[in-house]
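A structural walkthrough
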Amino acid sequence: MEARDTAPDSWEQEDDVEAVMEGPGSNALNVNAKPFVPNVNAAEFVPVAVKTDSGELESVVAEKLSSLKVSQSAAPVENGEADVTTEETWDEKEVETSEEEPGGGDEGPEEVPTDTPPETLEEEEEISVPKIPPIQPDAPKKEHVNVVFIGHVDAGKSTIGGQIMYLTGMVDKRTLEKYEREAKEKNRETWYLSWALDTNQEERDKGKTVEVGRAYFETDKKHFTILDAPGHKSFVPNMIGGASQADLAVLVISARKGEFETGFEKGGQTREHAMLAKTAGVKHLIVLVNKMDDPTVNWSLERYEECKEKLVPFLKKVGFNPKKDIHFMPCSGLTGANLKEPTDLCPWYTGLPFIPHLDSLPNFNRPSDGPVRLPIVDKYKDMGTVILGKLESGSISKAQQLVMMPNRHTVEVLSLLSDDVETDDAGPGENLKLRLKGIEEEEILPGFILCNAENLCHSGRTFDAQIVIIEHKSIICPGYNAVLHIHTCIEEVQITALICLVDKKTGEKSKTRPRFVKQDQVCIARLRTAGTICLETFKEFPQMGRFTLRDEGKTIAIGKVLKLVAERD
C-alpha cells in the first residue's frame, strides 16, 4: 500500500527519482526491493523470491529489470525486443532496482511497451518524437517553405493539417488511434485529426484553434512548416502573426451547404483571411475546397464550380492574380482524399493532389547575403532566453553577435534550432528557435527584430504610409486610433494627419489635403505609434513595410510604409 502511495504522478518525475537514487545511499535502499519482485511479469519467480537470500534475489531482480530497462530508454521498442546485454556493473543494477521502487505496486510491468496504446501522454510523446531526427543529415539541402492554413472557423484547417502529418508519416498510426478513442469518448469523433495540431486542452474541448499551431513535414524536394492559423474572428491577431511568417497560404473553404456561404458573407472570415494573407506578403494562394465527401456535396462538380465562381472576383479584388497566383483543388480532410494520392471519387479533377502540387511549385529566391532580419514571434525562458521567429533575410550562425532592435541590446547566439533540429547555421526562410545570451526574457517583446550590428533595421514612431480603407462604416479623420499589425509587431497607432488622396485608377495624388477618408478610398497619411517599433520602407524591405490596421475586431485598412519620419525632440 505504501509503495503505491509514493507513486509519482507521471513518469517524468521518475527521472528525478533516478537522480536522487544514484547517490551513495543506493545500497541501503536496495533492501526494499523485495515487494517489487512478484510484479515482474513471470509468476513462477514468486516462491523463489521468498526462499532466497538477498544476494540471489538481487540477481533475479537484476535479470528481470534488465529487460525492463529497455522501456526506460528513449527509443521506442516494439514488444520489448531489444539487444540488452546483462553484463553490467552491480552499481547500475542497484540503481535500476531502486529506480523502479517508487513506482511500486503494479506500476512496473506497465512500462513494457506492448501492443496496447500507451495511456499517459508522456509516454506517447516519447514514441512520436524520434520520428523526425533521422531526416537530419539532408535537412539543410531542402528548401524551407512555410505554409499557413487560413479560412473560416470550422472549415477544416487543423484536420487537413493533421491528415497531412499522418500521410507524410510525422504522426504515427498509434497516436492517431489514441486521439480517435479519446475524441469518441467526447462524442467528437471527426475531430481527432485536428488534435495533432491543436495541442492544448482548451482547443481540443472546443474544437477551435486559438494559437497558431506548428508542425512540419517533408517531401522529396522540400521541407514544409505548417502554420495552422485560428479561423475564429476573436483570434485574428494570432492569425496575422502566423501569416506574416508564411510564404504560401492555403485557403480552406468548406463546400458543405450553408457553411461556405457563412464563411464568405460579410461577417465571415474567408474574405478577411484572404486579404490579410495578401497584406502579410503571401504571394501564392492555394484554395482547398474541403468537405467534398459531405452528403450535401458528394464530390459534385457544380458545387465546386459555384464556390470557385464566388471566390475568384473577390480574390482578384484583394490583389491575387487568378491565372498565376491562385490554384483551386477539391479535397476531403477527414478521409484524406486528394491530399496525397489522386482519388477515383473525383474524375473531373485532373490536376495534381495537394502534397505533390506543393512539391512542384517553383523555388523562392531568397538572398542569403542580405542583412540579418529576424522578427520575433514568441519568447520564453528555458535555460536562458529562447526566441522564435522566421529569418526573413541574411544568415545566422552559432556564437554570432547580433543586436536586438529597437532596444539595441547586444546578444550572442548560444544555440540554433531549425524546426526543432539543432544546426550550426541557418539561411533565410527558416523557422528558428534561438537561445540567446546577454538579454533577459522580460526585455523582449514580440515584434522586436534581431539584426547584425553592421546593418541595423530602422526604428521609430512616426511614418508616412499609403493606406487602403477596406471596411469602415463612418469616415476616418486625423486623430483616429487603431491597432497596427506590422510583421510580428502589434502596437497602438494614431492617424495624425491625412496628406493626400490617391486615385485608384490613375495613381494621381490630390493637390489639397483631404479632411477625411471613407471606405474604398486610398490615401497617404502620417501615422504615429504609441511606442517605438521596428519597420522599414516597403521599397527597401517589403516584409517589414506592409501592415494592417484593425479596430473593434475588424480589419479596417491595409497599407505600406512609404517613408520614415525622424523624431523631433
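Up top you'll find the structure we're talking about.
How each quantity is defined
Think of each chain on its own: its residues are numbered from 1, step by step along the sequence as written. Where local features are concerned, this predicted model is filtered to residues with pLDDT of at least 70; where side-chain atom pairs are given and counted, the filter is 80 or more; whole-chain, interface and lining totals use all residues. The side-chain values count all of the structure's non-hydrogen atoms but skip hydrogen atoms and water molecules. A pair of strands is treated as paired once DSSP finds two or more bridges between them. Runs of H or I in DSSP of at least four residues are treated as helices and runs of E of at least two as strands, each being numbered from the N terminus. What counts as a salt bridge is simple: a side-chain nitrogen of Lys or Arg found within 4 Å of a carboxyl oxygen of Asp or Glu. Exposure categories follow from relative accessible area, calculated using a 1.4 Å probe and restricted to protein chains: below 20% of the type maximum is buried, above 50% is exposed, and the middle band is partly exposed. Simply put, an axis is a line fit to the C-alpha atoms, just over the touching stretch for a helix, and the angle between two N-to-C directions goes from 0 to 180 degrees. Two residues qualify as a contact provided that any one of their heavy atoms is within 4.5 Å of a heavy atom in the partner residue. Helices are assigned an expected span. That span is 1.5 Å times one less than the residue count. A residue's bend is the angle separating two fitted axes: one through the seven residues that end there, the other through the seven that start there. Any pair of Phe, Tyr and Trp rings, taking the six-membered ring for Trp, is counted once the centres come within 6.5 Å. Such a pair is stacked with planes under 30 degrees apart, edge-to-face with planes over 60 apart, and tilted for the rest.

Topic: the pairing of strand E18 (residues 489-502)
Of the strand pairs in this sheet, strand E17 (residues 480-486) and E18 are connected by seven bridges, and their pairing is antiparallel. Bridged to His-485 within E18 is Ile-490. Linking E17 to E18, which pair antiparallel, is a turn of two residues; within it His-487 sits at a positive phi near 40 degrees. Sheet analysis places E18 next to strand E19 (residues 522-534), joined by eight bridges and oriented antiparallel.

Structural notes on the pattern of salt bridges
Summed over the entire model, instances satisfying the criterion amount to 19 salt bridges. For Glu-259, the salt bridge is made with Arg-256, and the minimal N-O distance between the two is 2.9 Å. A relative accessible area of 21% means that Glu-259 is categorised as partly exposed. The partner of Lys-381 in a salt bridge is Glu-442, with the nearest N and O atoms 2.6 Å apart. Placement of Lys-381 in strand E7 (residues 373-381) and of Glu-442 in the loop between strand E14 (431-437) and strand E15 (449-451) is noted, with a sequence separation of 61 residues between them. By the burial criterion, Lys-381 is exposed, and Glu-442 matches it. One continuous salt-bridge network, built from bridges that share partners, spans Arg-256, Glu-259, Lys-291 and Asp-294.

Quick notes on the pairing of strand E10 (residues 401-405)
Regular strands place side chains that alternate from one sheet face to the opposite one. When you tally the buried positions in E10, you get four out of five residues, the bulk of the element. Where E10 lies against strand E11 (residues 409-418), four bridges are found, and the strand directions are antiparallel. Its bridge partner being in E11, Val-403 is matched across the sheet by Thr-410. Counting the residues in the hairpin turn of E10 and E11 gives three residues, including Arg-408, whose phi is positive at 60 degrees.

Things to note about the sheet that holds strand E5 (residues 284-290)
Across the sheet, which stays open at both edges, the six strands sit in the order E2-E3-E1-E4-E5-E6 with mixed pairing between neighbours. Both edges of this open sheet fall to strand E2 (213-218) and strand E6 (326-330), since each of them pairs with a single strand only. With direction set aside, neighbouring strand axes in the sheet form an average angle of 25 degrees. Across the sheet, helix H9 (residues 157-167) is in contact with strand E1 (143-150), E2, strand E3 (222-228), strand E4 (248-254) and E5; its angle to E3 comes to roughly 150 degrees. Where helix H14 (residues 269-279) meets the sheet, it contacts E1 and E4, and its direction lies at approximately 175 degrees from that of E4.

Quick notes on helix H15 (residues 301-318)
Between its terminal C-alpha atoms H15 stretches 26 Å, which fits the 26 Å expected from 18 residues at 1.5 Å a residue. Most pronounced at Leu-311, the bend in H15 amounts to some 25 degrees, and the proline Pro-313 follows within four residues. Where H15 is buried, its residues meet E4, helix H13 (259-264), H14, E5 and E6. Backbone geometry just downstream of H15 places Gly-319 in the positive-phi region, at approximately 125 degrees.

Here we look at the sheet that holds E17
The sheet built from six strands closes into a barrel, its strands ordered E16-E19-E18-E17-E20-E21 with antiparallel pairing. The mean angle between the axes of side-by-side strands here comes to 45 degrees, regardless of whether they run parallel or antiparallel. Judged from the four bridges that link them, E17 and strand E20 (residues 546-551) form a sheet pairing that is antiparallel. Residue pairing for E20: His-485 is matched across the bridge by Thr-548.

Comments concerning the packing of aromatic side chains
Evaluation of the coordinates by the stated rule reveals four aromatic pairs. Pairing Phe-463 with Phe-547 gives two aromatic rings, centres 5.9 Å apart and planes at 75 degrees, and the pair type is edge-to-face. A residue pair is termed long-range when its members are at least 10 positions apart, and Phe-463 in strand E16 (residues 459-469) and Phe-547 in strand E20 qualify at 84 residues. Judged on exposure class, the residue Phe-463 and its partner Phe-547 are both buried.

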